[in-house]
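If you want the building blocks of each chain, they are given just below.
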Amino acid sequence: MDPEYVFLPKSRLAVLVSGRGSNLQAIMSACASGQIPATDVVAVISNRPQAPALALAAAAGIPSPCVDHRRFADRSSFDAALRAQIDDFAPDHIALAGFMRQLTPAFAQHYAGRMVNIHPSLLPAFPGLHTHAQALGEGVKLHGATVHFVTADLDAGPIIVQGAVPVLAQDDVASLAARVLAVEHRIYPQALAWLVSGRLRIEQGKVTIDGEKASGISPCVWPGTEDL
Ligand code: GAR
């Protein structure tokens, strides 16, 4: 067959959100520009009907259903409904982008190796909530964000990429959060580009990137570094 007429299927990405959607926007833009290669965002799914991220998705013509966690008696029935909704879209990969629900071990296991999360701290420091306040409270001098595979343990899966920012003497939660968010918007598309290209390997709980040593690419970003 003429190579011009051979079409490879695009990879299918579902994004789970609960709020504003700035990481979703970075991901959609990176898919559109090809930074995340040959990938369509096929669904944006929220647990909160009012999440502004849903409107961003709808404006981009992306199906954006809500599975409202308040309609479910417990975590496992919510997770079962969420899983059914996700699987309706047959995604290859799932990105949690500000999705603020803890997931059951069975749910995490179902998507093992295919689901990633972004967390606003340099894990394993400051898992959970209020990470910027925690960082300011501890007086750390570097803070940042982490993209990692999702496992049954909260904010503890294998780390793919981290971005660091300085903590400045005049920082408050808002200024520090804004500096971290800018780095989130850089590292999440990069991590997803590696993921959809099949370049990530997990061995003994640690992630390596194919070609990492040979090409000099680096799974870390810090002030002054060039784009990855
Ligand atoms: C981001 O800072 C993300 O890292 C964080 O929620 C924010 C969502 O912002 N996620 C978590 O805290 C998950 N534990 P966004 O809706 O503008 O992308």
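A short tour of the structure in this document, coming up. Model, not experiment: these values are computed from the prediction. (Residues numbered from 1 in each chain as written. Predicted model: local features only at pLDDT ≥ 70, side-chain atom pairs only at ≥ 80, totals over all residues. Heavy atoms only, no water.)

Along the polypeptide, Gln134 turns up in helix α5 (residues 131–138). Gln134 sits 39 residues away from Val173 along the chain, and the two C-alpha atoms are 9.4 Å apart. Among all residues touching Gln134, those that are not within four sequence positions of it are Phe126, Pro127 and Leu129. (Helix = DSSP H or I, 4+ residues; strand = E, 2+ residues; numbered from the N terminus. Contact = heavy atoms within 4.5 Å.)

The next thing to look at is the pattern of salt bridges. Scanning the model with the defined rule gives 4 salt bridges in all. The shortest N-O distance in the salt bridge between Asp171 and Arg179 comes to 2.7 Å. With relative accessibility at 12%, the residue Asp171 sits in the buried group. A salt bridge links Asp210 to Arg201; the nearest nitrogen and oxygen atoms lie 2.7 Å apart. (Salt bridge = Lys/Arg side-chain N within 4 Å of Asp/Glu carboxyl O. Buried < 20%, exposed > 50% of the residue type's maximum accessible area, 1.4 Å probe, protein only.)

What follows is about helix α1 (residues 22–33). Between its terminal C-alpha atoms α1 stretches 16 Å, which fits the 16 Å expected from 12 residues at 1.5 Å a residue. Among the residues making up α1, those that are buried are Ser22, Asn23, Leu24, Ala26, Ile27, Met28, Ala30 and Cys31. Residues of α1 that are buried in the fold lie against β1 (11–17), β2 (39–46), α2 (52–59), β3 (93–96), β4 (115–119) and α6 (173–196). Once α1 finishes, Gly34 follows within two positions and takes phi at roughly 90°, a positive value. (Expected span 1.5 Å × (residues − 1).)

Before going further, it helps to examine the pairing of β2. Two faces belong to every sheet, and in a regular strand the side chains alternate between them. Counting buried positions over the 8 residues of β2 gives 7, a clear majority of the element. As judged from the 7 bridges shared by β1 and β2, these two strands associate in the parallel manner. Residue pairing in the sheet places Val17 in a bridge with Ser46 of β2. Handedness of the β1-α1-β2 crossover: right-handed. (Pairing = 2+ DSSP bridges. Right-handed = clockwise from strand over helix to strand, strands pointing away.)

Now for the packing of α1 against α6. Contact geometry for α1 and α6: axes closest at 9 Å, N-to-C directions at 45°. As the angle between them shows, α1 and α6 are arranged oblique. The two elements α1 and α6 cross, and the hand of that crossing is right-handed. Taking contact as the criterion, the partners of Ser22, Asn23, Ala26, Ile27 and Ala30 in α1 are, on α6, Leu181, Glu184, His185, Tyr188, Pro189 and Leu192. Considering only residue class, the contact of α1 with α6 consists of 7 nonpolar, 3 polar and 1 charged. (Axes fitted to C-alpha atoms, helices over the stretch in contact; angles between N-to-C directions. Parallel < 35°, antiparallel > 145°, perpendicular 65-115°, else oblique. Left-handed = near helix turned anticlockwise from the far one by under 90°. Nonpolar A, V, L, I, M, F, W, Y, C, P; charged D, E, K, R; others polar.)

This paragraph deals with the nonpolar core. One finds Ile27 and Ile160 to be the most contacted residues of the largest nonpolar core, which totals 41 residues. Per element, the largest residue contribution to this core is 10 residues, and it comes from α6. Apart from residues no more than four positions distant in its own chain, Ile27 is found in contact with Leu13, Val15, Ile36, Val41, Ala95, Ala97, Tyr188 and Leu192. (Core = buried A, V, L, I, M, F, W, Y, C linked by side-chain atoms within 4.5 Å.)

What follows deals with the site of the ligand. Taken together, Arg20, Gly21, Ser22, Asn23, Gly98, Met100, Ile118, His119, Pro120, Leu181 and Glu184 make up all the residues around the ligand. Within the contact set of the ligand, a nitrogen atom lies 3.4 Å away from a side-chain nitrogen or oxygen of His119. Within the side chain of Glu184, a nitrogen or oxygen atom sits 2.8 Å from an oxygen atom of the ligand. Alone, the ligand offers 450 Å² of accessible surface; in the complex the protein occludes 87% of this. Elements with a contribution of two residues or more to the shell around the ligand: α1, β4 and α6. Counted by class, the shell around the ligand contains 4 nonpolar, 5 polar and 2 charged residues. (Near = heavy atom within 4 Å. Polar contact = N/O pair within 3.5 Å; in protein donor to acceptor, adjacent residues only side chain to side chain. Areas by Shrake-Rupley, 256 points an atom, 1.4 Å probe, with all protein chains shown as cover.)

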